Amino acid sequence: MEPLNESLFEAQALESPAALASALAPAASAGHFDELRGAATPVVPPRPVAPSAAPVLHDVAQPPAVAAAATAKAPEPAELAPPWRRFFEHLGHGGFTDLPRRATRMARQIRDNGVTYNVYADADGPQRPWSLDLFPLIISPESWTQIEAGVQQRVRVLDRVMADVYGPQQLLAEGLLPAALVRGHPGYLRAMHGVKPPGDTWLHIAAFDLARGPDGNWWVVSQRTQAPSGLGYLLENRLAISRQFPQAFEELQVQRLAATYSAMMEGLQRMCPAGSPPHIALLTPGPYNETYFEHAYLARYLGVTLVEGSDLTVRDQRVYLKTLQGLRPVHGLIKRLDDQFLDPLELRPDSTLGVPGLLQAIRAGNLLVANMPGSAFLESPALLGFLPALARRLIGEKLQLPALPTWWCGERAALEAALPQLGDCAIKATYPGEDSHTSFEAVLGSRMGRRELDEWAGRIVRQGDEHTVQSYLPLSQMPTWSEHADRGRIAPRSMLLRVFAVSDGAQSWRVLPGGLARLAGANAQIASMQRGGSSADVWVQTHGEVDRTTLLQPQATPASLARHRAPVTSRAAENMFWLGRYTERAENAVRLARITLDLMGGEDPSSRTLLEWLHGLATRNALIAPGVPIGSKSRRVFERALIAELGNVETGGSVGYNLRCVRQAAAAVRERLSQDHWNQIVRAEIDFLHQTTEEPGETLDGTLAAGAALRSLEAASAALSSMTGAQTDRMTRDDAWRLLSIGRHIERLAFLSSAMAAGFANGAVHEVSGFEAMVALFDSTITFHARYQQRRDVATMVDLLVLDGDNPRSLAWVTQTLRGRIAKLAGSAPGTLTALSYELPDPAMWTLEHLCETDAEGRYPALIQLFEFCETAAYHVSDAIGIRYFTLTSESVRSVGV
């Protein structure tokens, strides 16, 4: 399709936007339902081919209907369906001419909000922006009535199936459910047999993937019950798209989403086994999970604590959250973790994502889990073929929303019925994603030749129970906006609709009036985000009044506000602590590298003593590899070694390595950082590594030139200053921030103390160049010269760099700040210090006269002793904080809020 051109945009002035959309948007592919026009695109019979004409070659990958239509003239597009006509009539200011700008603005909003969908196989790294189309999928009230009733019915059936499978198992005894699909499924958890869930409800969140057939009816393609994703992404989709089309959103009477989320949370709170109010957390696998953004987003929206398995512990068959204040009871978990990883004691022993003893807490009835473990067997595509009989047996009703015809080839009759139809069906794994069974991506028979079909038929005959065959349905196609040059175009793309049923009480469910539309990639027949697909918002219309419920509480009480203050988990606290340490460590590395390169590239040759001091610091702080000769022996080798390590992120501890560590620590607490702060961290690493590994400016031997290296370090220094500003002025002063600050000051105290100790030990500070380098390392050059002009003696250095309580780089300021932050962290009374604070030296006891005393050999024993004490105390306090707040193994660990 050609992009929209100037003449077509000018035509908007002559006809309505709806008529223009009808003219510009091509019809859906032949045989597919056209969402834009509300009807299937007819399949036109092929034109007769004269005997003398060359034969038409069809791509084997094309469905027969598409191949046939390829030889015929495409039918003229029909008029737009009424909802879409109203949508285009209410595009708002600018109409069609404004669509490219809106698409750009939406993409920028997604990027600025940090919405990502991580792809494990993505060679460009784990972070990939979420893909969202500009146009929503519009569902009429009549269609939604069919979907809502059918989904509610199906979730009731699935819940009762689980209750029977983990209870009396009558369905297995009566032969209504094959034992191979239950007991033979790796997702069947024998440890859950006999469990009675709170509220007798096994499923709290269930997702159903639906497809619309050419006849306009909806069909169930698959169902997800373990940890269905999409509840967070569809919220972000709604926010993004409704802002682009506010007039159309109001005109079409689109149902809101907040009321359903609110009902779900109220239902979970009522069913929690204990606690008033109950404490509910969302369990995530961590920041490297493909949908981690959604986990953090959903936790914030619902007002629950985002936790990883390492944040939780089980004591006396109860689950507790490890916080800085001690152990806090957890009464409910919204699980976003596959069942097999939940408990390494009873499930996968190699899992580091779960909580040891979690299943025992569930069996004891002390924890509500949404969803209860053991539902993985419900996700098998083979189960779809048995659900009609199960519905009649369990709830006495006929399913209102049909599933695509499905044959589990573990039964001989089904195998014989499926084999002749392989060319028109999809072949799926019965146990997808399970290592103990044959697992493979779904394949379409219409995309295979005769030889491939025969090979698949042979596999199915040999391992029938491992294969499930499902009828192929041409997916309906909705209008999408495709970027093309500077204009864009409307193009139809196949889509699947994911809808969610959530519990709002015991044995009660409601269907979220919206969903997540997943769009297939160009020329693809399978809609999958992992295969390069996209998403679209889903607008469900209503004939009645729009429910404008909001999760905002207009009359908040002090108690309710206190409940919404999320506790600082030990894991988050530890990552914040190391975020501070690595940020400070990166700053120190940048400053030390700049000073070293400046001195080695200066006009005056540096003294041997100064070079030995710099070499020692560079080696100690991993700016150069061990064994590099001292600069006085081979200045050029020393310089090259220092530059070569700058961008090394695999080993060592130079600038690039520390920037990588900053980003990794920040990723683990991504939900606590502003988007600007996160962007600064990501850009700092990317830009520095690009400049030190890909930028021009190399010498003849391939190493980065000193000038280019210094420019990279200057840019990194500016980026780190921005990070420091964000950490200092734009973060709430809670315990997490205090630990970040404590981490920074511990690192600063240890680094500066060791640097001064080394400078005094070898005498570098007694030379002019060494003196200036030491002051520069403390980032105090301007202050020093403004205060002392040309004086360069030990007394002035000690006064500014050791004793000055107003210099944030002096040892006195750093030590005093550390003592105060640690005391406030521990919750001591104002003005009093804790035992841990007393592990640090008291700057009030330091005097200039005492520190400047020399011995018979001209050394400064009191000063050297202070430096060693400060460094040792810094590392000792770091270890003590880890034991007290992160591992919770000290005697002071206690339980709170029981």
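Anyway, here's the lowdown on the structure attached to this text. It should be emphasised that the depicted structure is a prediction, and the values quoted were computed from it without experimental measurement.

Quick word on the environment of E650
Right, so step 1: Within the element layout of this structure, E650 appears in the loop between α19 (635-645) and α20 (655-668).
Right, so step 2: A C-alpha to C-alpha distance of 9.4 Å links E650 and R660, two positions ten residues apart in sequence.

Considering the nonpolar core
Right, so step 1: Of all hydrophobic cores here, the largest spans 104 residues; its most connected members are W613, M756, F760, V802 and I881.
Right, so step 2: Residue contacts for I881: discarding those within four places in its chain leaves L739, I742, I746, L836 and F886.
Right, so step 3: In terms of nonpolar packing, the next biggest core, distinct from the first, is built from 75 residues, L181, F208, L283 and L347 among them.

Comments concerning the sheet that holds strand β9 (residues 318-323)
Right, so step 1: Taken in spatial order, the three strands of this open sheet run β8-β9-β10, and their pairing is antiparallel. A strand with exactly one partner marks an edge of an open sheet, and here the two such strands are β8 (312-315) and β10 (326-329). Along the sheet, successive strands turn relative to each other by an average axial angle of 45°, direction set aside.
Right, so step 2: As paired strands, β9 and β10 are joined by four bridges and run antiparallel to one another. Of the residues in β10, the one forming a bridge with L321 is R328.

Here's the deal with the packing of helix α17 (residues 570-600) against α19
Right, so step 1: At a minimum axis separation of 11 Å, α17 and α19 run at an interaxial angle of 150°. Judged by the inter-axis angle, α17 sits roughly antiparallel to α19. Taken as a pair, α17 and α19 cross one another with a handedness that is left-handed. Facing A593, T596, L597, L599 and M600 of α17, the residues of α19 in contact are R635, F638, E639, L642 and I643.
Right, so step 2: Split into classes, the residues belonging to the contact of α17 with α19 amount to seven nonpolar, one polar and two charged.

Concerning the pattern of salt bridges
Right, so step 1: A full pass over the atoms with the stated rule returns 44 salt bridges.
Right, so step 2: Across the pair E612 and R608 runs a salt bridge, and its minimum N-O distance is 2.8 Å. Here E612 and its partner R608 are both found in helix α18 (residues 608-620), four residues apart, which amounts to about one turn of the helix.
Right, so step 3: Its relative accessible area of 44% is what places R608 among the partly exposed residues.
Right, so step 4: Bridged by salt links that share partners, the residues E584, E587, R744, R748 and R809 form one connected network.

What counts as what
- Residues numbered from 1 in each chain as written.
- Predicted model: local features only at pLDDT ≥ 70, side-chain atom pairs only at ≥ 80, totals over all residues.
- Heavy atoms only, no water.
- Helix = DSSP H or I, 4+ residues; strand = E, 2+ residues; numbered from the N terminus.
- Core = buried A, V, L, I, M, F, W, Y, C linked by side-chain atoms within 4.5 Å.
- Buried < 20%, exposed > 50% of the residue type's maximum accessible area, 1.4 Å probe, protein only.
- Contact = heavy atoms within 4.5 Å.
- Pairing = 2+ DSSP bridges.
- Axes fitted to C-alpha atoms, helices over the stretch in contact; angles between N-to-C directions.
- Parallel < 35°, antiparallel > 145°, perpendicular 65-115°, else oblique.
- Left-handed = near helix turned anticlockwise from the far one by under 90°.
- Nonpolar A, V, L, I, M, F, W, Y, C, P; charged D, E, K, R; others polar.
- Salt bridge = Lys/Arg side-chain N within 4 Å of Asp/Glu carboxyl O.

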